[in-house]
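# A look at the structure
Given next are the chains, with one letter for each unit.
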Amino acid sequence: MTWTPEELTLYSSTEEIVLTVAHGRRVLRRGRRVWVVREGDDLYVRSLGGHASDWYRSARIHRKGTVRAAGLRRNVVFEPADPGTREGVDAAYRLKYGHYAAAFLDTVTGDQAASTTLRLVPCATRTQAPVCSAAALPAGRGSRIRSPLGPAGRWHALFERPRRQEEKA
């Protein structure tokens with residue numbers, strides 16, 4: 001899937017987005033406010049805490065989550081950014097957040113933060129579930145998340161892979 005022009009405009013013009021990351025086989029962790037930038041038709045985020053940040057580690061392992069801004073929520077997959085996008089993403093951060101003190105800007109464009117750049121890839125429509133099918137993600141750790149809330153729980157169906165007809169019977 002791709003971002004709609006309206007979503008790109010909304011998310012890229014918002015100062016901060018709320019990022020919620022899947023965590024293990026439990027319900028999603030609470031949201032984190034992060035800066036987001038647009039480079040071309042893609043959205044990128046970085047971890048100011050570097051590789052040790054809990055949300056960043058969960059995003060790298062489980063690869064699924066949601067982004068929210070101005071009342072719009074979208075389910076996403078986190079992908080490591082292509083190293084060739086660093087200059088463009090740095091420039092986007094400088095342009096969008098240049099009104100902050102140089103110390104903040106240098107932190108978000110420094111080597112440590114740049115090495116944590118993640119591309120946000122949309123999975124499904126804004127609030128409909130299921131969001132990311134198993135086909136949209138590589139197999140491996142975190143490919144299925146179960147909620148302790150059970151089938152009637154709020155997050156249960158969000159990241160379950162679609163069942164085949166023979167599995168339902």
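In this report, we go over the structure that sits alongside the text. (Residues numbered from 1 in each chain as written. Predicted model: local features only at pLDDT ≥ 70, side-chain atom pairs only at ≥ 80, totals over all residues. Heavy atoms only, no water.)

Quick look at the environment of E16 now. Along the chain, the position of E16 falls in the loop between helix 1 (5-13) and strand 1 (17-21). Distance in space between the C-alpha atoms of E16 and A70 is 9.7 Å, their sequence separation being 54 residues. Setting aside its immediate chain neighbours within four residues, E16 contacts R33, V34, W35 and A69. (Helix = DSSP H or I, 4+ residues; strand = E, 2+ residues; numbered from the N terminus. Contact = heavy atoms within 4.5 Å.)

It is worth spelling out the nonpolar core at this point. One finds I17, L19, W55 and L120 to be the most contacted residues of the largest nonpolar core, which totals 20 residues. Ignoring sequence-local partners within four residues, the contact set of L120 consists of W3, I17, L19, V36, L43, V45, V67, V76, V77 and F78. In this structure, Y44, A92, Y93 and Y97 belong to the second largest nonpolar core, which totals 10 residues. (Core = buried A, V, L, I, M, F, W, Y, C linked by side-chain atoms within 4.5 Å. Buried < 20%, exposed > 50% of the residue type's maximum accessible area, 1.4 Å probe, protein only.)

The next subject is the pairing of strand 7 (residues 118-122). Burial within strand 7 is extensive, with four of its five residues counted as buried. Sheet topology note: the strand 4 (residues 42-45)/strand 7 ladder contains three bridges and is antiparallel. Across the sheet, V45 pairs through a bridge with L118, a residue of strand 7. Strand direction decides the pairing type here: strand 6 (residues 72-80) and strand 7, joined by five bridges, are antiparallel. Looking across to strand 7, one finds that V76 is bridged to P122. (Pairing = 2+ DSSP bridges.)

Turning to the environment of V67, a few remarks are in order. Counting through the fold element by element, V67 comes out in strand 5 (residues 64-69). Residues V67 and R32, 35 residues apart in the sequence, show an inter-C-alpha distance of 9.5 Å. Those residues in contact with V67 that lie beyond four places of it in its chain are W3, Y11, I17, V18, L19, L72, R73, R74, V76 and L120.

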